[in-house]
Amino acid sequence: MSLTGKILVCFFLILLSGFARDSLAFDLRILVVLSDSTPLYQRFAKAFEQDLPQGMRVDLVQHAEDFDAQKTDLIVTVGVRAAYRAAEKSSQPLLAAMIPSTAYADLHALKQGSISAVYLDEPWRRQAGLLSTVLPQRKRIGVLYSANQDIAGLKSELARRHDILVARHLGGKDTLSVDLDDVLNESDVLLAVPDSGIYNANSIRNILMSSYRRGIPLVGFSDAYVRAGALCAIFSTPEQLAEQTAGAVASYARTQELPEPQFPIQYSIAVNRAVAATFGLVIEPDDAILHEIKKSSGGQR
Amino acid sequence: MKKRYLAMLCLACKTGYAVEDVNESDYYQDLPVVLSASRLSQPLSDAPNAMTVIDRKMIVASGFRTIADLMKLVPGMYVSYYKGSQPIVAYHGATDEFSRRMQVLIDGRSVYMPPTGSVNWADLPITVDDIERIEVIRGPAAASYGANSTQGVISIITRDAGAMNGKSVSYTHGDKGINDAEARFGKRGDAYDYRVTLAYTADNGYDSLTTPPNGYTMATFKAPGLLYNSNDSNQARLFNYRGDYHPNGIDRYDIQFGFNHDVQGVGFSDKNPSIYNNYKGTNGDPFHNLIGNSDFAQLGWTRQLEQGAELSLRYSHTRQDQYEAFPVYLAGNYYPGPVVQSLQTTRDEIEVQHTLPLNDTNRLVYGAGSQVDRVGGQSAMPPISLYNSSSYVYNEYRLFAHDEWRMSQKWLLNLGGMFEKNDLGQFNTSPRIALNYHVAPDQTLRAGVSVAYRTPATAETSYPLMQPGALIVPTSTVNSPGLQPEKLVSREIGYVGEFPEWATSVDLRLYSDLLSNGIYLSSTAQSFVNGMSGEYHGFEATLKHEFDTDNSLTLNFAHAWAASNGALLAAGGQRVMVSSDPTNSDILSASIPSNSASLLYMVRLPHDYSFSAAGYYQAAMQPFDRGAIDYQPIERRVDVRIARALNFPGNLKGNVALVLQNLLNQAYTEYIASNLFNRRGYVSLTLDW
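Note that residues are indexed from 1 along each chain, following the sequence as it is written. Going through the entries in the order they are written, you letter the chains from A and number the ligands from 1. In keeping with the model being predicted, local features are shown solely for residues with a pLDDT of at least 70 and side-chain atom pairs are shown and tallied solely at 80 or more, while totals for entire chains, interfaces and linings include all residues. Processing note: side-chain calculations cover all non-hydrogen atoms of the structure and skip hydrogens and water entirely.

Visitor: Go over the overall build of chain B, please, and point to the residues and values.
Guide: Only DSSP runs of H or I covering at least 4 residues are called helices, and only runs of E covering at least 2 are called strands; the numbering of each starts at the N terminus. For chain B, the count of helices and strands is eight helices and 31 strands. Both definitions apply: the radius of gyration is a C-alpha atom measure, and the globule rule equals 2.2 Å times residues to the power 0.38. Its C-alpha radius of gyration of 26 Å places chain B within 12% of the 26 Å reference for a compact globule of 689 residues. Referenced to the eigenvectors of the C-alpha coordinate spread, the extents of chain B come out at roughly 95 × 55 × 50 Å. Counting contacts in chain B only where the partners sit at least 6 residues apart, residues at least 24 apart contribute 64% of the total. For accessible areas, the Shrake-Rupley method is used with a probe of radius 1.4 Å. Any residue's cover is judged against the shown protein chains and nothing else. In the form shown here, chain B has an accessible surface area of approximately 27,600 Å², with 60% of it arising from carbon and sulfur atoms. Between the centroid of the 55 positive side chains of chain B and the centroid of its 68 negative side chains there is a distance of 3 Å. Any pair of residues with heavy atoms lying within 4.5 Å of one another is described as a contacting pair. Residues scored as charged are limited to Lys and Arg (positive) and Asp and Glu (negative), so that His and the chain ends carry no count. For this purpose, a charge sits on NZ of Lys, CZ of Arg, CG of Asp or CD of Glu.

Visitor: Quick one: what's the story with the overall build of chain A, residue by residue and with numbers?
Guide: Check the secondary structure of chain A and you find twelve helices and eleven strands. For chain A, buried positions account for 55% of its 301 residues. Relative to all contacts within chain A whose residues are 6 or more apart in sequence, the contacts with residues 24 or more apart total 64%. Just so you have it, chain A exposes about 12,800 Å², and 53% of that area is on carbon and sulfur atoms. In this scheme, a residue with accessible area under 20% of its type's maximum is buried, one over 50% is exposed, and one in between is partly exposed, where area comes from a 1.4 Å probe on protein chains only.

Visitor: Hey, could you go over the interface of chain B and chain A for me, with residue numbers and the actual values?
Guide: The accessible area lost on association of the parts is a frequent measure of interface size. Between chain B and chain A, the residue contacts involve 45 residues of the former and 59 residues of the latter. Buried area adds together the accessible area that both of two parts lose upon being put together, with accessible area traced by a 1.4 Å probe. A buried area of about 4,500 Å², summed over both sides, lies between chain B and chain A, and 55% of it is on carbon and sulfur atoms. Salt bridge, as used here: a side-chain nitrogen of Lys or Arg that lies within 4 Å of a carboxyl oxygen of Asp or Glu. Linking B:D244 and A:R205 is a salt bridge whose minimum nitrogen-to-oxygen distance equals 2.7 Å. Polar contacts, as counted here, are pairs of nitrogen or oxygen atoms within 3.5 Å of one another; within protein the pair requires one atom able to donate a hydrogen and one able to accept it, and residues that are adjacent in sequence qualify only if both atoms are side-chain atoms. Counting across the chain B and chain A interface gives ten residue pairs in polar contact (both at pLDDT 80 or more). Counting only elements with at least two residues in the side of chain B that touches chain A, the list comes to α1 (2-13) and α2 (24-28) of chain B. Tallying contributions element by element places α2(B) first for the side of chain B that touches chain A, with four residues.

Visitor: If you had to explain empty space enclosed by the protein to someone new, which residues and values would you point to?
Guide: All names here are of chain B. Definitions used for this entry: grid spacing 1 Å over protein atoms alone; cavity, a set of points where a 1.4 Å probe fits but cannot get out; pocket, an open set with protein on both sides within 12 Å along at least 5 of 7 lines; lining residue, one with an atom within 4 Å of a point. Grid points are joined across faces, edges and corners, and a volume is the space filled by probe spheres set on the points. Summed over all chains, the structure comprises six cavities of 30 Å³ or more. If you add up the space inside the largest cavity, you get close to 140 Å³. Taken together, 16 residues form the lining of the largest cavity, with K72, M77, S596, A597 and Y617 sitting closest to its centre. Of all the secondary-structure elements, those providing two or more residues to the lining of the largest cavity are β2 (77-83), β24 (551-564), β25 (595-604) and β26 (609-618). By the convention adopted, Pro, Cys, Tyr, Trp, Phe, Met, Ile, Leu, Val and Ala count as nonpolar, Lys, Arg, Asp and Glu as charged, and the other residues, Gly among them, as polar. When the residues that make up the lining of the largest cavity are grouped by side-chain class, the tally is nine nonpolar, five polar and two charged. In this structure, the second largest cavity occupies an estimated 100 Å³ of space. Taken together, 15 residues make up the lining of the second largest cavity; nearest its centre are G76, A558, A560, P593 and S596. Among the secondary structure elements, those contributing two or more residues to the lining of the second largest cavity are β2 and β24. Looking at the lining of the second largest cavity element by element, the count peaks at three residues for β24.

Visitor: Explain the nonpolar core to me, using residue names and the numbers behind them.
Guide: Nonpolar cores were defined as sets of buried Ala, Val, Leu, Ile, Met, Phe, Trp, Tyr and Cys residues, with membership established by side-chain atoms within 4.5 Å. Judged by nonpolar contacts, the single largest core of 87 residues is most densely connected at A:L218 and A:V249. Among the elements that take part in this core, helix α10 (residues 238-255) of chain A stands out by supplying seven residues, more than any other. Residue ranges for the domains trace back to a domain assignment, done automatically or taken from a database. Domain assignment of the residues forming this core places at least three in each of domain 1 (3-119 + 239-255) and domain 2 (124-235 + 267-297) of chain A. Setting aside chain neighbours within four positions, we find A:L218 in contact with A:L190, A:A192, A:Y199, A:I204, A:I207, A:L208, A:S211, A:Y225, A:A230, A:L231 and A:C232. Residues B:I59, B:A61, B:V89 and B:I106 belong to the second largest nonpolar core, which totals 60 residues.

Visitor: An account of the domain arrangement of chain A is requested, with residue identities and associated values reported.
Guide: Here chain A is described as being made up of domain 1 (3-119 + 239-255) and domain 2 (124-235 + 267-297). When each unit is reduced to the centre of its C-alpha atoms, the spacing between domain 1 of chain A and domain 2 of chain A is 34 Å.

Visitor: Residue-level account of helix α6 (residues 152-160) of chain A, with values.
Guide: Residues and elements named next belong to chain A. Three or more residues of α6 are buried, namely L154, E157 and L158. Looking straight down α6, one finds that the buried residues subtend no more than 95° of arc, so they occupy a single side. Packing partners of the buried residues in α6 comprise α5 (124-134), β6 (140-145), β7 (164-169) and β8 (189-191). One or two residues past the end of α6 sits H162, with phi positive at roughly 60°. Of all possible arcs, the one meant is that of the directions from the helix axis to the C-beta atoms.

Visitor: Residue-level account of the confidence of the model for chain B, with values.
Guide: Residue and element names in this part refer to chain B. Think of pLDDT as the predictor's per-residue confidence, scored from 0 to 100. When pLDDT is averaged along chain B, the result is 88, and 94% of the positions lie at 70 or above. For chain B, α1 is the element with the lowest average pLDDT, namely 36, and β26 is the one with the highest, namely 97. Low pLDDT (under 50) marks residues 1-15, which in the prediction has eight contacts with non-local residues, meaning those over four places away or in another chain. Note that pLDDT drops below 50 for residues 273-279; the model gives that stretch twelve contacts with residues more than four away or on any other chain.

Visitor: Go over the sheet that holds strand β3 (residues 74-78) of chain A, please, and point to the residues and values.
Guide: To summarise the sheet geometry, strands pair through backbone hydrogen bonds and adopt either a parallel or an antiparallel arrangement. Residues and elements named next belong to chain A. Strands are treated as partners if at least two bridges between them are detected by DSSP. What the five strands build is an open sheet, ordered β2-β1-β3-β4-β5; its pairing is parallel. The open sheet terminates on both sides in strands that have one partner only, identified here as β2 (57-61) and β5 (115-119). The mean angle between the axes of side-by-side strands here comes to 20°, regardless of whether they run parallel or antiparallel. With five bridges connecting them, strand β1 (residues 29-34) and β3 associate as parallel partners. Axes, fitted as lines to C-alpha atoms, cover a helix only where it is in contact. Angles between the N-to-C directions of the axes lie from 0 to 180 degrees.

Visitor: Describe the pattern of salt bridges, naming the residues involved and giving the relevant values.
Guide: This structure, assessed with the given rule, holds 52 salt bridges over all chains. Between A:R160 and A:E157 there is a salt bridge, with its nearest N and O atoms 3.3 Å apart. Pair noted here: A:R160 and A:E157 are both in helix α6, with a separation of three residues, about one helical turn. On the accessibility criterion, A:R160 (46% relative accessible area) is partly exposed. Residue B:R65 is joined to B:D203 by a salt bridge in which the shortest nitrogen-to-oxygen separation is 3.3 Å. Taken together, the residues B:R65 in the loop between α3 (56-62) and α4 (67-70) and B:D203 in strand β10 (residues 192-203) connect sequence positions 138 residues apart. For B:R65, a relative accessible area of 22% puts it in the partly exposed group. A residue is classified by how much of its surface remains accessible, and B:D203, at 13% relative accessible area, is buried.

Visitor: Tell me what's going on with the side chain of B:N414, and back it up with residues and numbers.
Guide: Residues and elements named next belong to chain B. Relative to the elements of secondary structure, N414 occurs in strand β18 (residues 411-422). Of the residues examined, N414 reaches a relative accessible area of 0% and is grouped as buried. There is a polar contact of 2.9 Å between the side chain of N414 and the side chain of H402.

Visitor: With reference to specific residues and values, describe the sheet that holds strand β6 (residues 131-138) of chain B.
Guide: Residues and elements named next belong to chain B. Read from one edge to the other, the open sheet built from five strands follows the order β1-β6-β7-β4-β5, with strand pairing classed as mixed. A single partner strand is all that each edge strand has here, and the edge strands are β1 (50-55) and β5 (109-110). With five bridges connecting them, strand β4 (residues 102-106) and strand β7 (residues 152-158) associate as parallel partners. The residue of β7 that forms the bridge with M102 is G152.

Visitor: Please provide a residue-by-residue account of a nonpolar patch on the surface, values included.
Guide: The patches reported here contain residues having more than 30% relative accessible area and no salt bridge. Joining distances are 9 Å for like charges and 5 Å for nonpolar side chains (Val, Leu, Ile, Met, Phe, Trp, Tyr). Taken together, the side chains of B:L605, B:Y609, B:I642, B:V656, B:L658, B:V683 and B:L685 make up a nonpolar region of the molecular surface, amounting to roughly 500 Å² of accessible area. When contributions to the nonpolar patch are tallied by element, the ones reaching two or more residues are β28 (653-661) and β31 (680-688) of chain B.

Visitor: Give me the pairing of β3(A): which residues, what numbers.
Guide: Residue and element names in this part refer to chain A. Summarising burial for β3: five of the five residues are buried, a large majority. For β3 and strand β4 (residues 94-99), the ladder comprises four bridges, and the chain directions are parallel. Its bridge partner lying in β4, V78 is registered against A97. Note that the unit made of β3, helix α3 (residues 80-89) and β4 has a crossover that is right-handed. Looking down the strands as they point away from the viewer, one classifies a crossover as right-handed if the path from the first strand across the helix to the second runs clockwise.

Here it is as structure tokens:
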């Protein structure tokens, strides 16, 4: 084969490979930093690599502590700890995946250079959508919260649906029982918010038992809650977040610009049918609930 | 308060988000299974039986001080009193003073005790405040609960160990010597919760009457002593403890024990030689005290297995001792005595149960159990040189299985069976099949058939001819060796409907129960024999309506009738089968109130007030085993409760309540006519912190 022929073959090969992936994507170097190597992050990493356009170079740092500034095109962090570490240590563009939306402002202030995020929490509108789909008769939504919870957004979402927010600020660790009783006295559903000071493996028992005794269902924010005895939950799995993050990376590869921070696009629901039956609730199949939530909560916010 | 300010200050001075704030592990953390299959109560629409649930709210709103009275809120339940502290709780009309056809359980532990096969309500080591809810299965449930649940099961579920975190004291004072004091405290911990109750309850039972009830003349009420049959005070001192150790998300240990010391006034004045020395009776049962000591210990272990499966093991030990001593009057002679009678009863029970979801639509529960009952009785009657001492041990073994199969969205099949073997050489199989059809998600039709047996009680197999006093001490020899269990076959059709748009639910039941091998005291043989047969038919309805979340109404109605071979047996010389009702020669039929109803209305009012009103109705009937004098005319009663929650500065809260029973003073007579229920009231004050 002549030299021209070889060049032509190479050109076509390059062209063909370009069809199979996004242009520019093939030479992007991505450094994925996990908060640690536990299964949660491994699940994300595995799904992320599978969802990523082929040809991107992915390096993986298994522990946030092992990360140090190094040459790369884009850093993708998984979890809060990795996000902080990368924001502090490097100035490369940073996509912080699987972080609560409440952590973003702080991270943004800390970071030099461009930053964006894929949040792990569902927008209030979506949560309100779940409540009104599954429990349309229950209008008094109880929330027990402590630091760093901005529930103003929830309040306006509920008001839009003519629901009432019964919110109590946790007085302290010792007052959990009293504060919980206060909320339960006034509510007909308890909406759990992520707050390890209130909801943890030790306290969940008392919270679920107290609400169950009063005939008040708990709405959680993960399938673990539903297994434990919550009526239902809306959440995004690590795989769903990974797919969205891969999409954001692909977009960055095309435009060289990070997309805006975004709430999860894909989400799941779980319903504990045994608990529903005990509460005498007739609940639609999961698909119908998801459809209804999509219809009622519209966009992402 | 100081702490809260401090926390808020810290929040204010804190800048920046910390990793220990909300992070992804809050979202994805593993949690223990809390509301497991055994914790969740089965919804009425899926249950294989008709069931009435009396929850905490209803318990409080009813104003009742005793567990037996709460049964008035169950459609078709007969609640009446032999003595002030000796209630008779029976389904399908009155029984004799020992209601033997209902199984009663407290947290799964049977309190249906030998030798009479009945429940000593006054001796139970729990108070009404210890109860979380009561599930009453109307109709036999032997497939799940074993022998002796021929007419139904009263399953009392006490408050969880973690139900209380703090301290509470209450005092109740009112008419008829009502004086109850109770202290309760509990603590919730990360791995261990416990609660403790200490209580004293006392009342004087029924009034001493001075005029005959029900319009009778003194001449009709022949023995003047009948009017003073009111030595029926009761004082109970009790204690109970419940602990729940949950070291991980998988295992749960339930630890319970309790004690009750009870002193009941018993005896009858017309048999009391010191008052009526012209009385020439021979069966002396004068006023005296019946002293009861009962205790229990219960250990339970529950382990969560994979895929919603669960393994549980339960052991319990129950003891009931009773003692009485009194003088007698025999054939015109007064013997200062004393006659002394005592009973010692213990039960040790162990049960293992495996709950196994076979797939999404099929759940199997199966297990095995064993119990040992020990009965000891002594009766010493020095005046006639009669001494009786008896001792019995009964072993019972059982295997059970229950399958709940959702055949489709619409069809649910409940199939169950219990196989029991006892020391009387009896082997009973109690099957049950129930098919639930969900016409719509909110509308369910149910059809079921079940079989249940009642094991003969010791007092029946070893019936004592001499029965001075309140206790029935079995004879030392079995005098009815061939006595077979009573058998009940029940068929029912039920409907459960929810109407969310009207905030209303309806529960209907139509039943037909056949009793065979019924046990009765033969006048000819002077011992208990099989041979009574009967049938019960009826209709029951419960309607619940919520006007709003603070305002609800429960309505119960029951219509029932029965027929038996009682008249035939009576004609054949069986005196106990002779009906005292001149208009009805069938003793079984006469003992059932044709209609009964109850209603409970509760409302939460502004300014922390709450109000509830209850109404009870029971048609006229002839108490089984009693003379015409004890005929019970129509019973109508209205109870009201008004309460106000108290909020003090700090953590102190409280409640003050006034209960007025039989507000309109429509006095009615109970199982024994001299028990006249007239208006009574009491006030209670509770402080919690």
